[in-house]
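# Observations on the model geometry
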Amino acid sequence: MAAFRILLIDDEEELITTLVDRLEFRGLAAEAVTSGSAALARLREESFDAVVADLKMPGMSGTEVLDRIRREHPDIRVLLITGHGSGQEETPEILDGTYAILLKPFSIDALLEKLGVGQDG
Amino acid sequence: MDEANTERRRDTGLAFFGAVTAGISHDLNNVISTIDQVTGLLADLVAGAEAGRPVPLERLQTVQERLRRQTTRGAGIIKRLNTFAHSTDELRREISLDVLLADLLAIGQRYVDLRKARLEAPAAPAPLRIVGDPFRLQQAIFAALQRLLGSAESGDTITVALAGGKDGAAVTLTGPLGAAGSDQDAGRAQLEGLLAGLGGRLERSVAADRETLVLRIPGEPPPAGGGAEA
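Residues numbered from 1 in each chain as written. Chains lettered and ligands numbered in written order. Predicted model: local features only at pLDDT ≥ 70, side-chain atom pairs only at ≥ 80, totals over all residues. Heavy atoms only, no water.

### Describing the packing of aromatic side chains
Evaluated as defined, the whole model comprises seven aromatic pairs over all chains. Judged by centre distance (6.2 Å) and plane angle (45°), the ring pair of Phe 17 of chain B and Phe 135 of chain B falls under tilted. Of this pair, Phe 17 of chain B sits in helix H1 (residues 3-50) while Phe 135 of chain B sits in helix H4 (residues 134-149), and the two are 118 residues apart along the sequence. By relative accessible area, Phe 17 of chain B is classed as partly exposed at 27%. Grouped by ring-pair contacts, the aromatic residues Phe 16, Phe 17, Phe 84, Tyr 111, Phe 135 and Phe 142 of chain B constitute a single cluster. One Lys or Arg, Arg 5 of chain A, reaches over the ring of Phe 48 of chain A and ends 4.6 Å from the middle of that ring. One residue, Arg 110 of chain B, lies across the ring of Tyr 111 of chain B, its end atom 5.9 Å from the ring centre. (Phe/Tyr/Trp six-rings, centres within 6.5 Å; stacked < 30°, edge-to-face > 60°. Helix = DSSP H or I, 4+ residues; strand = E, 2+ residues; numbered from the N terminus. Buried < 20%, exposed > 50% of the residue type's maximum accessible area, 1.4 Å probe, protein only. Lys NZ or Arg CZ within 6 Å of the ring centre and 35° of its normal.)

Structure representation (structure tokens):
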């Protein structure tokens, strides 16, 4: 059975590189890109089961990426991550409750739970 | 200065303080989040080793390097936050303008990055000291930077240069010209007010869709009654 494939998007490169290491350690297939535009390009090339995107990134934001994925790849699960905890400044209309948000810092178990993935794929 | 003006300046100062500390808290949160994941990776490797999976030395070196980079980064952020917080301590003191500008631009880099713009700020040729209100000075420079960033698009460049002279100093910022409108006018009036409070003035020019803001800052104490009030 093919490994569950996750694409991570965040301009915090060392954070997502480490997350890729940890997800691979658990038998998952993970890749990291540092911009929304790079993510959309990658999604056109390969299929992924889930996307984890930072809400606030230079250029295309996490919500814009979410919007595009929703239209172009409706079957992909999307999880937004953010360092903003107030819940007031980042409540765009697109976040209608059907997509999960995880506050940084988060545990790897919380990430996997939000993605609905058991460990070891 | 009348009560309404004093209150308005206090409000913009608080808003500036809030914007800067919110941005710094976001940067610190990213550092902590990264360190959290790197220590988690270390725990994974330890657990793997206990289960009989050998840990290559290179992986441990990678973990060590990531932790070192993030702690160095975090220490730099905290040092800038501390310096910024203490800039409210005194209304007048001697300021190392080149150091203040470098720290402020490091804080502002996050906003530049979010616009996917570029910041070019050549190092000052020599240390430059003036006497003034460090908090209001930072507020004025930051307001000028934010004004130019408000019109910036991906790939745009904003340049910041510092020069000294016998009458004081000048911070020159050049960036994309914004569309004319009430917001632009209000921002310019606020900037002029901040500089007036420092005993300085704003010089503005436009050429080829780029706006240049020269913040003239006096080297001598402003006249009595013209100083900044908290």
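### Let's talk about the interface of chain A and chain B
Facing the 19 residues of chain A at the interface are 24 residues of chain B. For the chain A and chain B pair, buried surface summed over both sides reaches about 2,100 Å², with 49% attributable to carbon and sulfur atoms. Our count for the chain A to chain B interface comes out at six salt bridges. If you look at where chain A meets chain B, you find 14 residue pairs in polar contact (both at pLDDT 80 or more). (Contact = heavy atoms within 4.5 Å. Buried area = accessible area lost by both parts, 1.4 Å probe. Salt bridge = Lys/Arg side-chain N within 4 Å of Asp/Glu carboxyl O. Polar contact = N/O pair within 3.5 Å; in protein donor to acceptor, adjacent residues only side chain to side chain.)

### What about the environment of His 73 of chain A?
Within the element layout of this structure, His 73 of chain A appears in the loop between helix H3 (62-72) and strand E4 (77-82). Among all residues touching His 73 of chain A, those that are not within four sequence positions of it are Leu 43 and Arg 68 of chain A.

### Thoughts on the confidence of the model for chain B
Residue and element names in this part refer to chain B. Here chain B averages 88 in pLDDT, and 90% of its residues register 70 or above. Averaged over each element, pLDDT in chain B is lowest for helix H5 (residues 182-197) (85) and highest for helix H2 (residues 57-86) (97). pLDDT under 50 marks residues 221-230. Its contacts with residues more than four places away, or in other chains, come to 22 contacts. This complex was scored by the predictor with a pTM of 0.85 and an ipTM of 0.89. (pLDDT = per-residue confidence, 0-100.)

### Here we look at the pattern of salt bridges
This model, assessed by the stated rule, comprises 25 salt bridges over all chains. Where Asp 67 of chain A meets Arg 71 of chain A, a salt bridge forms, and the shortest distance between an N and an O atom there is 3.5 Å. Highlighted residues: Asp 67 of chain A and Arg 71 of chain A, both in helix H3, separated by four residues, approximately one helical turn. Among the salt bridges present, the one from Arg 69 of chain B reaches Glu 65 of chain B, with a minimum N-O distance of 3.7 Å. Highlighted residues: Arg 69 of chain B and Glu 65 of chain B, both in helix H2, separated by four residues, approximately one helical turn. Judged by relative accessible area, which is 38%, Arg 69 of chain B ranks as partly exposed. A residue is classified by how much of its surface remains accessible, and Glu 65 of chain B, at 29% relative accessible area, is partly exposed. The network of salt bridges with shared partners includes Arg 5, Glu 31, Arg 42, Glu 45 and Glu 46 of chain A.

### Points about the side chain of Arg 110 of chain B
Mapped onto the secondary structure, Arg 110 of chain B falls in helix H3 (residues 97-114). Salt bridges are absent for the buried Arg 110 of chain B, whose nearest opposite-charge side chain, Asp 27 of chain B, sits at 4.4 Å. Excluding residues that lie within four positions of it along the chain, Arg 110 of chain B makes contacts with Lys 56 and His 84 of chain A together with Gly 23, His 26 and Asp 27 of chain B. (Lys, Arg positive; Asp, Glu negative; His and termini not counted.)

### Description of the sheet that holds strand E2 (residues 118-120) of chain B
Residue and element names in this part refer to chain B. Ordered in space as E2-E4-E5-E7-E6, the five strands form an open sheet in which the pairing is mixed. Since the sheet does not close on itself, it has two edges, and those belong to E2 and strand E6 (201-207), each with one partner. The average undirected angle you get between the axes of adjacent strands in this sheet is 15°. Both E2 and strand E4 (residues 157-165) contribute to a ladder of three bridges, which runs parallel. Considered in E4, the bridge of Arg 118 is made with Thr 157. Against the sheet, H3 touches E2, E4 and strand E5 (168-176), its axis set at about 170° to E4. (Pairing = 2+ DSSP bridges. Axes fitted to C-alpha atoms, helices over the stretch in contact; angles between N-to-C directions.)

### Focus: the sheet that holds strand E3 (residues 50-54) of chain A
Residues and elements named next belong to chain A. Spatial ordering of the open sheet is given by E2-E1-E3-E4-E5, a layout of five strands whose pairing is parallel. Each edge of the sheet is formed by a strand with only one pairing partner; in this case those strands are strand E2 (29-33) and strand E5 (100-103). Across the sheet, the mean angle separating the axes of adjacent strands is 20° when strand polarity is ignored. In this structure, E4 lies alongside E5, joined through four bridges in parallel fashion. Along E5, the bridge assignment pairs Thr 82 with Leu 103. Lying on the sheet, helix H1 (residues 13-25) is in contact with strand E1 (5-9) and E2; it crosses E2 at an angle near 175°. Relative to E1, helix H2 (residues 36-45) is tilted by about 160°, and along the sheet it contacts E1, E2 and E3.

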